[in-house]
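Report on the structure
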Amino acid sequence: MKLLFKNKKEDLLSRLKKQDPAAQKIFYNQSVKKFLSVAKSYVSDLYQAEDCVIKAFCKIFKHIESFRGEGNFEGWARKIVVNECLNFIKSRKTVFYLDDVHASVLEDLHEEVIDFDFNAQELLDQLPDAYRMVFNLYVIEEYSHQEIADTLNISLAVSKTQLFRAKEKLRKIYFQQQKKLRNEHV
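The structure reproduced in this document is the subject of the present report. (Residues numbered from 1 in each chain as written. Predicted model: local features only at pLDDT ≥ 70, side-chain atom pairs only at ≥ 80, totals over all residues. Heavy atoms only, no water.)

**Let's talk about the overall build of the chain**
Helix and strand content of the chain: eight helices and zero strands. In sequence order, the chain lays out its α and β elements as α-α-α-α-α-α-α-α. Burial status across the chain gives 38% buried among its 186 residues. Once local pairs closer than 6 in sequence are excluded, the contacts in the chain between residues at least 24 apart make up 68%. (Helix = DSSP H or I, 4+ residues; strand = E, 2+ residues; numbered from the N terminus. Buried < 20%, exposed > 50% of the residue type's maximum accessible area, 1.4 Å probe, protein only. Contact = heavy atoms within 4.5 Å.)

Next up, the structure:
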């Protein structure tokens with residue numbers, strides 16, 4: 001069946017609000033890779049991330065009428081994906097916001113040669129869930145610390161601490177990987 005309607009976002013949105021299956025398929029095909037990438041940044045297991053995306057699409061299609069046209073529709077849908085991931089992580093109840101590991105002193109950075117050839121997702125996947133959630137919400141979703149605290153039901157201080165520790169852990173992982181690569185090439 002060939003689609004006869006224009007590919008305008010407004011037209012697609014109006015058809016989505018009418019629960020048009022063809023429009024839902026188009027939106028799904030246009031968005032699934034982006035949303036899976038978002039979910040993967042919160043949930044490291046690919047299959048669980050896919051589950052979150054599927055649930056998010058179901059919620060998007062079910063609650064499309066609640067989108068009031070204020071702001072970007074894709075941003076609204078992305079927020080549903082993020083919230084679905086956060087709900088999944090919270091449901092597992094394995095997220096700890098206190099770290100018994102003290103911040104270690106990093107290597108002397110002024111002597112390090114920084115190589116920017118790395119996979120950011122691989123680095124993020126190595127972060128503990130609590131660090132990764134706060135880091136993603138702050139850096140990628142651009143939430144304020146107050147918004148993060150409200151969303152995750154943690155204190156403002158814990159949000160700031162988790163972000164600091166996430167950055168430190170990312171630096172440490174990155175430099176360990178670079179050191180390992182240099183040793184392999186010697």
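**Re the nonpolar core**
Phe 27, Tyr 42, Ile 60 and Phe 73 are the most contacted members of the largest nonpolar core, which totals 50 residues. For this core, the secondary structure elements donating two or more residues are helix H1 (9-17), helix H2 (21-42), helix H3 (46-62), helix H4 (73-92), helix H5 (120-125), helix H6 (129-140), helix H7 (145-152) and helix H8 (156-184). Among the elements that make up this core, the one with the highest residue count is H4 (10 residues). Not counting residues within four places of it along the chain, the set of residues in contact with Phe 27 comprises Leu 12, Leu 16, Phe 35, Phe 57, Ile 60, Phe 61, Phe 73 and Ala 77. (Core = buried A, V, L, I, M, F, W, Y, C linked by side-chain atoms within 4.5 Å.)

**Topic: a nonpolar patch on the surface**
Residues Tyr 138, Val 139 and Ile 140 make up a contiguous nonpolar surface patch of roughly 220 Å² in combined accessible area. Mapped onto the fold, Val 139 is located in helix H6. Of the residues examined, Val 139 reaches a relative accessible area of 39% and is grouped as partly exposed. (Patch = residues over 30% accessible without salt bridge, like charges linked within 9 Å, V, L, I, M, F, W, Y side chains within 5 Å. Areas by Shrake-Rupley, 256 points an atom, 1.4 Å probe, with all protein chains shown as cover. Salt bridge = Lys/Arg side-chain N within 4 Å of Asp/Glu carboxyl O.)

**So, the pattern of salt bridges**
In this structure the tally under the stated criterion is nine salt bridges. Ionic pairing is found between Arg 78 and Glu 141, a salt bridge with its closest N-O pair at 2.8 Å. With Arg 78 in helix H4 and Glu 141 in the loop between H6 and H7, this pair connects stretches of sequence that are 63 residues apart. Of the charged contacts, one joins Arg 132 and Asp 129 as a salt bridge, the two residues approaching to 2.5 Å between their closest N and O atoms. Taken together, the residues span about one helical turn, with Arg 132 and Asp 129 both in helix H6 at a distance of three residues. Accessibility classification places Arg 132 together with Asp 129 in one group, the buried group. When salt bridges that share partners are traced, they join Asp 11, Arg 15 and Asp 20 into one network.

**A word on the packing of H7 against H8**
Interaxial distance between H7 and H8 falls to 8 Å at its minimum, and their mutual angle equals 105°. Considered as vectors, H7 and H8 are oriented roughly perpendicular to each other. Of the residues in H8, those in contact with His 145, Gln 146, Ile 148 and Ala 149 of H7 are Leu 156, Ser 159, Lys 160 and Leu 163. Taken together, the residues of the contact of H7 with H8 sort by class into four nonpolar, three polar and one charged. (Axes fitted to C-alpha atoms, helices over the stretch in contact; angles between N-to-C directions. Parallel < 35°, antiparallel > 145°, perpendicular 65-115°, else oblique. Nonpolar A, V, L, I, M, F, W, Y, C, P; charged D, E, K, R; others polar.)

**Describing the side chain of Glu 84**
For Glu 84, the location among the structural elements is in helix H4. Exposure remark for Glu 84: the relative accessible area of 8% places this residue in the buried category. Only 2.7 Å separates the side chain of Glu 84 from the side chain of Lys 59, close enough to count as a polar contact. The contacts of Glu 84, once residues within four sequence positions are left out, are Cys 52, Lys 55, Ala 56 and Lys 59. (Polar contact = N/O pair within 3.5 Å; in protein donor to acceptor, adjacent residues only side chain to side chain.)

**Let's talk about the environment of Leu 13**
With respect to the helices and strands, the residue Leu 13 is situated in helix H1. We classify Leu 13 as buried; its relative accessible area is 16%. Taking C-alpha positions, Leu 13 is 8.1 Å from Phe 73, a pair spaced 60 residues apart along the chain. Residues in contact with Leu 13, not counting those within four places in the same chain, are Ile 64, Phe 67 and Phe 73.

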